[in-house]
Structures are given as structure tokens and as C-alpha cells.
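# Structure assessment
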Amino acid sequence: MSRVPLLERECAGGEIARTFDILNNFQSRQVNSTRATAHSPFLARIFYPLVQTLMREGLGTVLSSKIKEIAVIKTSQLNGCDY
């Protein structure tokens, strides 16, 4: 169970729904970090490009996406996340 409830597009209204609509232009499904930060639409709109930049390959990074994902999984295991 997450500490911050993850919002769904179907349940969102107002500015949160607008934020989901904007972010859907960039990605077909919403990742959990976007769904968690949607509680603060302004934060979600700033945070989303940062997440995409860090996770994509070839945008000034020296690590491959595979290595970055392995680091995410290992960090999650160390922190006790269920993955």
C-alpha cells in the first residue's frame, strides 16, 4: 500500500483532470509518480519532465535505461517496496 493515494484519471476533477489530460499528450499511461504528484497539479507538471529526462536514454546520460531500471529495482528492494 502506498503512503500517498494514487489518483486515477476517472476519479479526478477540475485542475487535476486537466493535468492528467496535459500529461496524456506525452505518454499513453500514467506512471505511479505522476499519479502520486497529481495531488498537487503544479508539482506534477514540473516533476513530469524531470522524471522523463532521467529515465530516457541519450539525453545527456551515460547509463543505459536497463542499468537505471536495475538501480530503481534494487533501491526499492532495499527500502522494502513491493515490486
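Just above, that's the structure.
Residues numbered from 1 in each chain as written. Predicted model: local features only at pLDDT ≥ 70, side-chain atom pairs only at ≥ 80, totals over all residues. Heavy atoms only, no water.

### Digging into the overall build of the protein
Keep this limit in mind: Numbering of helices and strands starts at the N terminus; helices are DSSP runs of H or I of at least 4 residues and strands are runs of E of at least 2. When accessible area is computed with a 1.4 Å probe and restricted to protein chains, residues below 20% of their type maximum are described as buried, those above 50% as exposed, and intermediate ones as partly exposed. For this analysis, residues touch if any pair of their heavy atoms sits within 4.5 Å. Per-residue and other accessible areas were derived by the Shrake-Rupley procedure at a 1.4 Å probe size, with only the shown protein chains allowed to occlude residues.
Scanning the protein for helices and strands turns up four helices and zero strands. For the protein, the succession of helices and strands along the chain, N to C, is α-α-α-α. When each of the 83 residues of the protein is scored for burial, the buried share is 22%. Restricting the contact set of the protein to residue pairs at least 6 apart, pairs at least 24 apart contribute 33%. Approximately 6,300 Å² of the protein is accessible, and the part contributed by carbon and sulfur atoms is 60%.

### Structural notes on helix 4 (residues 65-78)
For clarity, the cut-off: A helix is expected to reach a length of 1.5 Å times the quantity of its residues less one.
Relative to the 20 Å expected for 14 residues at 1.5 Å per residue, helix 4 spans 20 Å between its end C-alpha atoms, a close match to the ideal helical length. Once helix 4 finishes, Gly-80 follows within two positions and takes phi at roughly 80°, a positive value.

### A short note on helix 1 (residues 14-24)
Note the threshold: As used here, the arc is the angular range of directions from the helix axis to the C-beta atoms.
Of the positions making up helix 1, those classed as buried are Ala-17, Thr-19, Phe-20 and Leu-23. Relative to the axis of helix 1, the buried residues are bounded by an arc of 155° and lie together on one face.

### Section: a nonpolar patch on the surface
Quick note on the threshold: Residues enter patches when their relative accessible area tops 30% and they take part in no salt bridge; the joining distance is 9 Å for like charges and 5 Å for the nonpolar side chains Val, Leu, Ile, Met, Phe, Trp and Tyr. We define a salt bridge as a side-chain nitrogen of Lys or Arg found within 4 Å of a carboxyl oxygen belonging to Asp or Glu.
On the surface, Val-62, Leu-63, Ile-67 and Ile-70 cluster together into a nonpolar patch covering about 410 Å² of accessible area. Mapped onto the fold, Ile-67 is located in helix 4. You can call Ile-67 partly exposed: its relative accessible area is 43%.

### Here's the deal with the pattern of salt bridges
Tallying each qualifying case throughout the model produces two salt bridges. Glu-15 is the partner of Arg-45 in a salt bridge, and the nearest nitrogen-oxygen pair spans 2.6 Å. Of the two residues, Arg-45 sits in helix 3 (residues 41-55) while Glu-15 sits in helix 1, which places them 30 residues apart along the sequence. Note on Arg-45: relative accessible area 28%, which makes it partly exposed.

### Quick look at the environment of Arg-9
Here Arg-9 shows up in the segment before helix 1. A sequence separation of 10 residues divides Arg-9 from Thr-19, and the C-alpha atoms of the two residues are 9.4 Å apart.

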